[in-house]
Amino acid sequence: MCSPVLKQVRAIVIRYRYGDRQHLDEALKRIFQFGLGGGIPRRNAPILQNIREEVSEDGKYCLVLVFEAKALQLSDFEKRQAKFTSFFGPGISSEIVKGEKDLYEVRLISNTTL
């Protein structure tokens, strides 16, 4: 079952809003702490390229956010995995997966089964 939080995230991501710099801008700003100590420079911000919905092997709904991040490494995402979970939670867990080239997948997983 898709949680209300993941439904809202999906709606925000697929909606086009004139003037938005990027979808999920506020979430990424908090998670990656742009320009702050321990954060990353704003110019290195990951760019959302794609989303998809999946059902995990154990029957849980999963919203996959695919980011392009040329200046980041997998460890930059992994260090912030707990922040992804807490920002989109409760009832949500997250996984980070390295995709092709400069792509990284953030899997937001509902903790309820379908």
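Use the structure listed above.
Fair warning: this is a prediction, and the values are worked out from it, not measured in the lab.

Visitor: Requested: an account of the nonpolar core, with residues and values cited.
Guide: A general tendency of soluble globular proteins is for nonpolar side chains to be buried together. Ranked by size, the top nonpolar core spans 24 residues in total, and within it Phe32, Leu65, Phe67, Phe77, Phe84, Phe88 and Val106 carry the most contacts. Those elements that place two or more of their residues in this core are helix H2 (25-32), strand S1 (47-55), strand S2 (60-68), helix H4 (81-88), strand S3 (92-98) and strand S4 (103-113). When sequence neighbours within four positions are dropped, the list of residues in contact with Phe77 reads Phe32, Pro46, Phe67, Ala69, Leu72, Phe84, Ile96, Tyr104 and Val106.

Visitor: So what's going on with the pairing of S1? Which residues, and what values?
Guide: The sheet contact formed by S1 and S2 spans eight bridges and is antiparallel. Bridge pairing links Glu53 to Leu63 in S2. The antiparallel pairing of S1 with S2 creates a hairpin that spans four residues between the two strands, and Gly59 there sits at a positive phi of about 85°.

Visitor: Explain H2 to me, and be specific about the residues and the numbers.
Guide: For an α-helix the count is 3.6 residues per turn, leaving residues at separations of three or four pointing the same way. Considered for burial, the residues of H2 that qualify are Ala27, Leu28, Ile31 and Phe32. Take H2 and look down its axis: the buried residues cluster within an arc of 105°, on one side only. Residues of H2 that are buried make contact with S2, helix H3 (74-78) and H4. Directly after H2, the chain includes Gln33, whose backbone phi takes a positive value near 45°.

Visitor: Help me get a handle on the pattern of salt bridges, residues and values and all.
Guide: As enumerated under the stated definition, the model contains five salt bridges in all. Residue Arg52 is joined to Glu105 by a salt bridge in which the shortest nitrogen-to-oxygen separation is 2.9 Å. Pair noted here: Arg52 is in strand S1 and Glu105 is in strand S4, with a separation of 53 residues, a long-range link. We note a salt bridge from Arg107 to Glu105, for which the minimum N-O separation is 2.9 Å. Judged on exposure class, the residue Arg107 and its partner Glu105 are both buried. Overlapping salt bridges bring together Arg52, Glu54, Glu105 and Arg107 as one network.

So, how was this worked out
Residues numbered from 1 in each chain as written. Predicted model: local features only at pLDDT ≥ 70, side-chain atom pairs only at ≥ 80, totals over all residues. Heavy atoms only, no water. Core = buried A, V, L, I, M, F, W, Y, C linked by side-chain atoms within 4.5 Å. Buried < 20%, exposed > 50% of the residue type's maximum accessible area, 1.4 Å probe, protein only. Helix = DSSP H or I, 4+ residues; strand = E, 2+ residues; numbered from the N terminus. Contact = heavy atoms within 4.5 Å. Pairing = 2+ DSSP bridges. Arc of directions from axis to C-beta. Salt bridge = Lys/Arg side-chain N within 4 Å of Asp/Glu carboxyl O.

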